[in-house]
Amino acid sequence: MSAENYDANCLFCKIIAGQVPSEMVYKDKEVVAFKDINPVTPVHVMVVPVKHIVSLATMSEKDTPIVGKMAAAANKVAKDMGIAEKGYRLIINSGPDAGQVIQHLHMHLLGGRNLKWEH
């Protein structure tokens, strides 16, 4: 990971760099996926770009293809974990009002049970 793509204060950057342990389920040169340490569903995986991007709202136009790569990685993980056929949910929170806690763009892959939409 190059210095311009790494934030020393970012938990996800530290996970990507191998400085913080995680249960990695997918990795390529642009995207990683690892199990969430506080899962809210039987399958709860974080899908994260290797490059440090704070959020969707701060992403540059040249970075937009990474979201498609994240979705493709999530689909592969969902298939590998046996939840693709029954269904899964992908969530990207952008900013504090949306509940983004870690300031590194990430996608939650949720599945393994019926996910009702609650109001």
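Refer to the structure presented above.
Residues numbered from 1 in each chain as written. Predicted model: local features only at pLDDT ≥ 70, side-chain atom pairs only at ≥ 80, totals over all residues. Heavy atoms only, no water.

> Where do I start with the state of the cysteines in this structure?
Linking two cysteines covalently through their sulfur atoms gives a disulfide. In the structure shown here, the tally under the stated rule is zero disulfides. This cysteine, Cys-10, is not joined by any disulfide, and Cys-13 carries the nearest cysteine sulfur, 3.8 Å off. (Disulfide = S-S within 2.5 Å.)

> Would you take a moment to explain the pattern of salt bridges for this structure?
Opposite charge on two side chains allows them to pair when their charged atoms are near. Under the criterion given, the structure shown has four salt bridges. A salt bridge links Asp-63 to Lys-51, with the nearest nitrogen and oxygen atoms 2.8 Å apart. Of this pair, Asp-63 sits in the loop between strand S3 (43-49) and helix H2 (65-80) while Lys-51 is found in the loop between S3 and H2, placing the two residues twelve residues apart along the sequence. On the basis of relative accessibility, which here comes to 25%, the residue Lys-51 falls in the partly exposed class. (Salt bridge = Lys/Arg side-chain N within 4 Å of Asp/Glu carboxyl O. Helix = DSSP H or I, 4+ residues; strand = E, 2+ residues; numbered from the N terminus. Buried < 20%, exposed > 50% of the residue type's maximum accessible area, 1.4 Å probe, protein only.)

> Just to check I follow, could you spell out the environment of Ser-22 for this structure?
Mapped onto the secondary structure, Ser-22 falls in the loop between helix H1 (11-16) and strand S1 (24-27). Through-space distance from the C-alpha of Ser-22 to that of Ile-37 is 8.2 Å; in sequence the pair is 15 residues apart. With sequence-adjacent residues up to four places away left out, Ser-22 is seen in contact with Ile-15 and Phe-34. (Contact = heavy atoms within 4.5 Å.)

> Can you walk me through the pairing of S1 in this structure?
On a regular strand, each side chain points to the face opposite its neighbour's, so the side chains alternate between the two faces of the sheet. Note that S1 and strand S2 (residues 31-35) share three bridges and pair antiparallel. By the bridge assignment for S2, Lys-27 is matched with Val-32. Taking the residues between adjacent antiparallel strands as the criterion, S1 and S2 are bridged by three residues. (Pairing = 2+ DSSP bridges.)

> So what exactly am I meant to see when it comes to the layout of surface pockets here?
Regions of empty space are outlined by a rolling probe, equal in size to a water molecule, passed over the atoms. Its volume calculated, the largest pocket comes out at about 420 Å³. Lining the largest pocket are 23 residues, with Phe-12, Asp-36, Met-46, Ile-102 and His-108 positioned closest to its centre. Of all the secondary-structure elements, those providing two or more residues to the lining of the largest pocket are H1, S2, S3 and strand S5 (107-111). (1 Å grid on protein atoms, 1.4 Å probe; cavity = no way out; pocket = protein on both sides within 12 Å on 5 of 7 lines; lining within 4 Å. Points joined across faces, edges and corners; volume = space filled by probe spheres on them.)

Honestly, that's just the spatial picture; any functional story needs more than this.
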